[in-house]
Amino acid sequence: MAPKINAELVVPYKHMPAKPRKEASSMMAQSLPMAAMFMRNKILSWSAVFLAIQSYLNDPINAPPAEDGSTSTPASLRVIFALVSLVTCYMDVIFPSSNPGLKKAVVETAAESITSIIETATTGA
């Protein structure tokens, strides 16, 4: 037989949510993409992506509201911002820029080839 439980000794459960933490990783995940876009540094951009993903995975689903009333940037927005910084750093691969010196060289070679073709056509006919 099981022993009888005394009702006076039972303590009711009170849920106390965890206090919001001030993390340096979330601050870095928010400011590192801006530095990566400004300096167009691929290493900073990739580290911003990984920090933003880490911040997203560490963000609690049921976060209690902050006591001081301040709101922080959602972790999903940090991930999007980091991906934008990654695209910005690889913009030259997506949209290659035209070099004025290279353009001039191409025009000169095209003009030389056209004039040689015209000379051979006029002298040969």
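Fair warning: this is a prediction, and the values are worked out from it, not measured in the lab.

Procedures and definitions
Residues numbered from 1 in each chain as written. Predicted model: local features only at pLDDT ≥ 70, side-chain atom pairs only at ≥ 80, totals over all residues. Heavy atoms only, no water. Helix = DSSP H or I, 4+ residues; strand = E, 2+ residues; numbered from the N terminus. Buried < 20%, exposed > 50% of the residue type's maximum accessible area, 1.4 Å probe, protein only. Contact = heavy atoms within 4.5 Å. Areas by Shrake-Rupley, 256 points an atom, 1.4 Å probe, with all protein chains shown as cover. Salt bridge = Lys/Arg side-chain N within 4 Å of Asp/Glu carboxyl O. Expected span 1.5 Å × (residues − 1). Arc of directions from axis to C-beta. Polar contact = N/O pair within 3.5 Å; in protein donor to acceptor, adjacent residues only side chain to side chain.

1. Concerning the overall build of the chain
- The number of helices and strands found in the chain is five helices and zero strands.
- Walking the chain from its N terminus toward its C terminus, one meets helices and strands in the order α-α-α-α-α.
- In the chain, which comprises 125 residues, the proportion classed as buried is 14%.
- Of all intrachain contacts in the chain linking residues separated by at least 6 positions in sequence, the fraction that spans at least 24 positions is 70%.
- On the chain, roughly 10,400 Å² of surface is accessible, and the fraction owed to carbon and sulfur atoms is 67%.

2. Structural notes on the pattern of salt bridges
- Here the structure, examined in full by the defined rule, presents one salt bridge.
- A salt bridge links Asp92 to Arg40; its shortest N-O distance comes to 3.5 Å. Taken together, the residues span a long stretch of sequence, with Asp92 in helix 4 (residues 91-94) and Arg40 in the loop between helix 1 (24-39) and helix 2 (42-58) at a distance of 52 residues.

3. Digging into helix 2
- Over its 17 residues, helix 2 extends 24 Å from the first C-alpha to the last, a length consistent with the 24 Å expected when each residue adds 1.5 Å.
- Looking at helix 2, one finds that the buried residues are Ser45, Ala48, Val49, Ala52 and Ser55. All buried residues of helix 2 lie within an arc of 130° about the axis, which places them on one face of the element. In helix 2, the exposed positions angled more than 90 degrees off the buried face are occupied by Ile43, Phe50 and Leu57.
- Structurally, the start of helix 2 carries an N-cap: the backbone nitrogen of Ile43 is 3.1 Å from a side-chain oxygen of Asn41.

In short, the description is geometric, and any link to function would need to be established separately.
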